[in-house]
Every structure is written in C-alpha cells, then in structure tokens.
Amino acid sequence: MSFRLSDNARKYFDEIENSSSTGQFNSMWDKYYFAAMIGIKARDRVSTDDEPSVEPFVDSVIEDFRDQKFEIYAALISAEVERQYIPKDEEDEIRDLMLSILDSNDPTQLSDHGKQLLNCYAERGYKILQSSGPKPTEFDQFLRRYHQILEKQ
Amino acid sequence: MNLRIEEIRYKNIRDIGSLKLDFTKSGSNQPKHISLVQMPNGTGKTTTMGLIRHLILGSELNNETVRGYEPETGASNGEFIISFAAGEERFRLHMELDYDLGTITYKHSYPQREGGGLNSNHYLPLELENILTEEFVDLFVFNGELTDDFIETGEDKAEEALKIVTRLDRIEVQRPAIERVVEKQQQNKGAKTEQGLKQIRSRLEKREKKLANLKQLRNSLEDDIDGHDSTIEDLEAERESIIASDKKALEKYKEYQSEINDLQTTLETDSAELLDSMRVPSKLSPSFHDDFISLLKHMQILKLPRSTSKEFFVELADEEESCICGRELDEEHRSEIRENAEKFLSNEDVGVLNSLKQRLGNISEPLDLDTRLESLRKTRQDLKQYETQQDQLNLRDDDLEAEKQKLTQKIESEKATKENKEKKVDLLTSDDKVLRQKHNLNWESNIPEAKREVRKYKNKREEATDTVTFSNQANKLDAILEEFVDRAISEVKDKQIQKTNERLDQILKRSSVQIESIDDSINLKNKSGSSEGQSLAVAYAYLSTLFEGSAVDMPFVIDSPAVSLDHKVRSEVAPVISNLFDQVIAFVISTEKEGFIENLEPATEDDINYYTVYKTDKAGELRTHTDRDFFMDFTSEEEEEGGPVHSVQEGE
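Please read all numbers here as calculations on a predicted model, not as lab measurements.

Caption draft 1: Layout of the overall build of chain B. Within chain B, the secondary structure is distributed over 21 helices and 16 strands. Taken across its 652 residues, chain B has 43% of its residues classed as buried. Counted over contacts in chain B with a minimum sequence separation of 6, partners at least 24 positions apart contribute 69%. With an accessible surface of roughly 34700 Å², chain B has 43% of that area assigned to carbon and sulfur atoms.

Shown next as structure tokens:
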C-alpha cells in the first residue's frame, strides 16, 4: 500500500504547471499534499472502495515533507475522529484509531489503512478544487485560489 | 438382482382391521411361484395395489389421502408393511399412517439382523433406487384392466413402457433441462439470437467509428493549436520588428520588458517561498493548528501513550523475583500482571505515539498567508499592467502604429482561437466526471467515454457470441439426444416385436396374432380378425418380453388379470402369465377364476398360494382361507349377479 493520486487529479495539477510561466510544484508529493489537506479540512473523503486504483506515485514520504509528516498524520487522525463521531474523552477508541492509522514498523510510520485514508482524502480534495471554478493558469494564482478554497471548507 | 415379495401385513387400513398375506413356501423363505389372492370387490384389492406402489416409491401423501385410509370403525393409526428379499438381503418397508394428524411416515428394518429394530426413513437397495421410478413400478405393479391401453389406442403406453424398461425415458427427461440451461444463460448474458448478436455488432461498429472520428478531430485540433502557436510567434516577431523601427518606442518597449521580467522573477521567488511555508499544515491554516493543539491536549489528558509499556510488565512477571514495590511475587500475582499487561501498548506503539506527540508539542504558529498572498496578487496585477502597456505601446508613425495594432489584433484573435480549440481538446479528452456532467459529454463527444462504450460493446459481443454458440451447441446436443433415442428405440422396437411375435406363436399357436409395428401403441397385423382376448394376450406377451431386458428381475403384481378375457383366451393367457415371471401375485375376483386358475402353470404343484380374503358381518373383521377348494368354490353374490348386497357364500 502506497501513496496514490488519481489520473484526473494529476492532470488537473499538471495542466496548471504546464500553463504557468511563474513557478511550479516541486514534486508529486506537493500535488498530493495540497489535494489531501483540502479533503481533511473539509472532513470529507471518498469511500475506501473508491480509493484511486492507479499505480502509486511513491512509497515514501519525500524529504520536503519528512519533518512535518506527523502533522499531516495528526490532521488525518483529527478528521477521522470527527468523521467517526468518537468522543474526545474515549481513550480506548482514540488510541485504537491512532494505532490503526500509524504503524511503527512502516518506514513512513503510516499504516496501510492510514495511507488508504489519506489517498481517499486527496481524491476528494482534488474534486473540491476541480469543482470550485475555472482552473488557474498560473502557479501564483493557484496558491491564492487554493488558500481561498481551503478556508471555505 | 431378484426382488421378491415375501409377506404383506395390514393393520387398520379401510375395512381391513388386521391381515397378513404370507407368500413364502412353508418352512422356507422362498416365495411361491404364484400367489392368488381372491378378494371380493370392496375388500381392498385396489387399495392394496396403491399401497404397494406408494410403499415401494416412498411417496409423500397429503393429509386427505392419508385420512382416506382410515377405517370407518375409527382408529388413530394404521400400518402397511411389506417384507422383501433382494438377492440375499432381506428388508422390510413400513408405512405408518397417523389418521389424527393426516401424516405418513416411512421406516425400514432388517428382520435377519440381530436386534434389528426400526430405522427411520424409506430405504431401497442401491440397484433398485436407481431404476424404480413411478412409471417403472406401474409396469410390474400392474392393473390388468389397463392392458387394453397397449393395443391400437394411439396412446403411447406401449412405447413409453419400452423406454422405461430400457431407461431411455431418463434421456427424454433431461432434454427440457437443456432448454432451461440455455434460457438461463440467455437471461444472464443478454443477446439471445443471431439477430441480437447482429444488433450488438452494428452498435459496436458505430461506436468504433465514432471513437476514430473523435481521435481524428483531437489530432486535427492539436495540429491547429501548434499552428496557432507558430503564427502567434511569427506575428509577435513581426510586431517587434515594427516597434524596433521606432527608437523611442523600442526603448519604452524594452523598459516594460525589463519590468515584466523582474515581476515574473518576483512572482516565481515569492511563490516558491510561499509553497515552502504552505507545505507545513500548522502554517497552512489556523484550523489545522487548532486541531493539533486540541489533539495534543486530549492525548495529555488521556495519558496517551501510557509511560509504561506492556514489555515492562511482562518482564516483571516473567523474570523478577519481587515487585518494584519490594513485595514477593507469587504465581497468582504474576498471572494477574501478565493479564493486565495486555492493556498497555508495545514499545513500538508507544514510540510512534510519542513521535506524534512530540511533533504536536513543537508546531509552528500559523502564518499570515493573507498578507503574503495579497502581495502576490499585487505583483501579478502589476505584471498584467506592464504586459498591457507593452501591448498598447503607441508608435509615432501612424502607419506603423496602424500596422502594429493590426498585428496585435491578429495576435489576440489567434490566441482566442487557440484557447477555444484548447477548450475543445479538453472536452474531447477529459475523463473528469464533474466536467462530463457539466458539459453533458457522452460517447459521441468525449474520447474516454467512447473508449468505455467500445469496451462495453466488445464485452457484449463476446458474451453474445458465447451465448449464441452455447445455444447452437445446446440445439445440437438436443438433436443428438433425440436422434439417439429415436435410433435406440427403433432398434429395441424391432427386437421387441420379433421376440413378442415368437412368444405369441408359442402361446396362441394356430390362433396367433402378430404385432406389425409399435407406433406409440401396438399395431396388430389383421386387427379386424383378432379377438379382444387375443389382443390382451399380445399385451401380456409384450410385457413379459419387456422385462426380459430389465436389469432387475421383478415380481409381477397384477390386479384382475383375466376379468375381461373370454374363457377360451383365459386358458391360453393363464400359462403365459405363469411363465412371465418367477413370482406372480395376482389379486382376483371370483368371476375371473373359471378357465384361468386351472390353466395356470406353477413351477411345481405346491408352488401356488390360494388366498381367499372376505369380510364377515362384523365391521373391520376379515376371514382368510388358504385352501384351494375353498378358493375355487368361493363366490361373491355381488360379483356373480352384480347385486348391491355383499353377502358371501362360503364353499366347503
């Protein structure tokens, strides 16, 4: 189990990158991260049955995100706590959820289930971006639009 | 295998309170060759025949039928038992009738076995289980009055009997199953016929053509876009050369270009810096920052992860002699510690939760992204302004200016046309569901949809081809089976006719009739010249020949064998019936004895039973005699005179 971004989501970001003359994403992880954080903020993901079935783009968390990977995982846990209506004082349930998402034995320290959930948030996040008006043609325009859409969720 | 009936017992069945018919030779288990059971009409002949059939087949009977066997005198239960010998094996079938509930229960037992009690359920030896169908049983538990149905009726009883004994009827039964399987396949897979397959092929062809057209259109649009790019480049170069002829304008143009370049660099640098900051969730949005604070707080409140790991307690229970508090640890303590250790996390799990907690304790404050993004917006706005100014730069020479403006308009027009075509390519190639819904795209206007449609119809074509092929193969199989049965039956018929005719020659001698053909029923040569009795003799001869080819040697149980035969034919048919089977059980009435009984030919003189069973004046009571003379002298008034009164005249 690895990180996956659907073909449609890749195309969405690639087209922005291709048309922009003033900047670009550094990696597929950038695109994946932007998509996933929108889904997480919206507390909305596609169902695990609809997880993108494309080839994974990478198995690991790249250097650009290594320091803050636990923040991404914490955001994922917070979203799932709310989605599953787990009361915040339920020690056992929260601990079980955390341990189902994290995995000390995986190099990323994210379990297969955790990766699957993140992939599902990324897919929903891309769909939110895609349906929120015309696609920006410049990278700086994308960053501004992204911020607006994120804060609306 | 030989199947023989040794004994029949009745208890509380209609007018029969209790009755036992033993068909074996005295002092032995061997059944007698011929057993005659004389029962006046209304005593239970037809009932007995029906019960024998049900018992052999283990038929389920409904409440009404079961209660139909209840004696008028009233009884809660009835019983009908037959003892069989199948080769060396002996078994009994029990039919238990519950008149209160209207239910029937079958049981079986093995009288030879030590302590052989009643076993639940119906039972038949395997060899019999395979061949004893209802139709087959009707051929050896036989109603003599139906013999007529074999001859010249146009009904198919004779031919059916041939199929049953040769088991060709089993193949006939399977033929409708082939049709059912094909129907099921067709329901599951869609197209049913060649016509349906043709329709699918035509639809597939239409979609393949459309897909090819859409791809051609996309290629053509992409070529156009390349062409527009090239034209725009040429026009811009031409416009620059015009501007270059005006020195001042050229300077201004270069000045704008320099600003444009600087702003583009600024945008690029600022965007990259912003991107770097936005990669950290706590900086990306205050709400993520708040989530992390909240999560950390709850982890602290819930003491997640607990500072002591599972391994600590396991080690304590396994290795330490005393607890850390200094108390001695006995086995009970150790067991409890091990059990409770499960509530604590492993070292690894504690480690990963601590990493999470540590990161949450060191998160950055959210950035003021609004200000930085606003600055980005401003830079972009300035850039646009310079680009517009550069585009609208006026030249001092009016002609040149007019020329330049004309070129600018052309460039804008080219760009607009190009963008328009890019949008068309987007719509043609997008696999985005949202976009497809928004623009109402379908297989006639979108390449991925058309590809899916072609794939769908290719699958349909494959399935339909399979179904049609399957259906054709099933038709062939059906035709093969039909031809096989026809050919087999034709061959069997020829042999059957030949053997029956030979047998008829033997029994009827000079007055012999002959079978001409079997076409559903038996057709006789010179039918007009044959008597009814002769016809029946033909039917018996036909039956006897049939069973010669059967895998199991059956007893022949017959009801009213001679009732419709004239005296002359009775004397001819009686030896035939005797010689048909190794065991014959015939239920007769007094009026059919004359000319029939004395001409039966038992294997030996004492190889024949003479049972006479009749009712007494007492309800439910029957009397049984086994004496030959009594049997021969016994007459029933009703049968002799057709009168309603059922009085019995006993002979000596």
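Caption draft 2: A look at the interface of chain A and chain B. With 52 residues of chain A in contact, the opposing surface of chain B contributes 50 residues. Of the roughly 4300 Å² buried at the junction of chain A and chain B (both faces included), carbon and sulfur atoms supply 63%. Applying the counting criterion to the chain A and chain B interface returns six salt bridges. Salt-bridge contacts for Arg380 of chain B lead to Glu138 of chain A; the nearest nitrogen and oxygen are separated by 3.4 Å. Where chain A meets chain B, there are 13 residue pairs in polar contact (both at pLDDT 80 or more). For the side of chain A that touches chain B, the elements supplying multiple residues, two or more each, are helix H1 (7-19), helix H2 (28-42), helix H3 (63-66), helix H4 (69-83), helix H5 (91-101), helix H6 (112-130) and helix H7 (139-152) of chain A. In terms of residue count, the dominant contributor to the side of chain A that touches chain B is H7 of chain A (nine residues). Broken down by class, the residue content of the side of chain A that touches chain B amounts to 20 nonpolar, 15 polar and 17 charged.

Caption draft 3: Broad picture of the sheet that holds strand E2 (residues 16-22) of chain B. Residue and element names in this part refer to chain B. Taken together, six strands build an open sheet; the order of strands is E2-E1-E4-E5-E6-E7 and the sheet is antiparallel. Looking at the sheet topology across the chains shown, the edges are occupied by E2 and strand E7 (119-120). Direction of pairing for strand E5 (residues 89-98) relative to strand E6 (residues 103-109): antiparallel, over a ladder of seven bridges. Within E6, the residue paired with Leu93 across the bridge is His108.

Caption draft 4: Local environment of the packing of aromatic side chains. Residues and elements named next belong to chain A. Taken as a whole and judged by the stated rule, the model has 32 aromatic pairs over all chains. Here Trp29 and Phe57 contribute two aromatic rings whose centre-to-centre distance is 6.5 Å and whose plane-to-plane angle is 80°, an arrangement assigned as edge-to-face. Of the two residues, Trp29 is situated in helix H2 and Phe57 in the loop between H2 and H3; the sequence distance between them amounts to 28 residues. Judged by its relative accessible area of 2%, Trp29 falls in the buried class.

Caption draft 5: Structural view of helix H10 (residues 286-301) of chain B. All names here are of chain B. Taking 1.5 Å of rise per residue, 16 residues should cover 22 Å, and H10 covers 23 Å from first to last C-alpha, within 8% of that figure. If you check which residues of H10 are buried, you get Phe288, His289, Asp291, Phe292, Leu295, Leu296 and Met299. Down the axis of H10, the buried set is contained in an arc of 160°. They therefore lie on one face.

Caption draft 6: Looking closely at the nonpolar core. One finds Phe80, Leu132, Phe140 and Phe150 of chain B to be the most contacted residues of the largest nonpolar core, which totals 100 residues. Among the elements that make up this core, the one with the highest residue count is helix H18 (residues 532-548) of chain B (10 residues). Ignoring anything within four residues of it in the chain, the contact list for Phe80 of chain B reads Ile8, Arg9, Tyr10, Ile13, Thr48, Leu51, Ile52, Leu55, Leu93, His94 and Met95 of chain B. Core analysis: the next-biggest nonpolar cluster, separate from the first, contains 72 residues, Leu5 and Ala75 of chain A together with Met278 and Val350 of chain B among them.

What counts and how
Within every chain, residues take consecutive numbers counted from 1 along the sequence as written. In the order they appear in the text, chains get letters beginning with A and ligands get numbers beginning with 1. Selection of residues for local features in this predicted model requires a pLDDT of at least 70, selection of side-chain atom pairs for listing and counting requires 80 or more, and totals for whole chains, interfaces and linings are taken over all residues. Derived side-chain values reflect all non-hydrogen atoms in the structure, with water molecules and hydrogen atoms excluded from consideration. Put simply, DSSP H or I for four residues or longer makes a helix, DSSP E for two residues or longer makes a strand, and each gets a number counted from the N terminus. Relative accessibility decides the category of a residue: with a 1.4 Å probe and only protein chains considered, values under 20% of the type maximum give buried, values over 50% give exposed, and everything between is partly exposed. Contacts are assigned to residue pairs that have any heavy atoms within 4.5 Å of one another. All accessibility values rest on the Shrake-Rupley procedure with a 1.4 Å probe; residue burial counts only the protein chains present in the view. Here the quantity called buried area is the accessible surface, traced with a 1.4 Å probe, that two parts lose on coming together, added over both. When a carboxyl oxygen of Asp or Glu is within 4 Å of a side-chain nitrogen of Lys or Arg, the pair counts as a salt bridge. For this analysis, a polar contact is any N or O atom pair within 3.5 Å, provided that within protein one partner can donate a hydrogen and the other can accept it, and provided that sequence-adjacent residues contribute only side-chain to side-chain pairs. Charged residues are taken to be Asp, Glu, Lys and Arg, nonpolar residues to be Ala, Val, Leu, Ile, Met, Phe, Trp, Tyr, Cys and Pro, and polar residues to be all remaining types, Gly included. When DSSP locates at least two bridges between a pair of strands, those strands are taken to pair. Two rings from Phe, Tyr or Trp (for Trp, the six-membered ring) form a pair when their centres are within 6.5 Å of each other. A pair whose planes differ by under 30 degrees is stacked, one over 60 is edge-to-face, and the rest are tilted. For a helix, the expected span equals 1.5 Å multiplied by the residue count minus one. Of all possible arcs, the one meant is that of the directions from the helix axis to the C-beta atoms. Nonpolar cores were defined as sets of buried Ala, Val, Leu, Ile, Met, Phe, Trp, Tyr and Cys residues, with membership established by side-chain atoms within 4.5 Å.

Everything listed here is a matter of geometry and, on its own, says nothing about what the molecule does.
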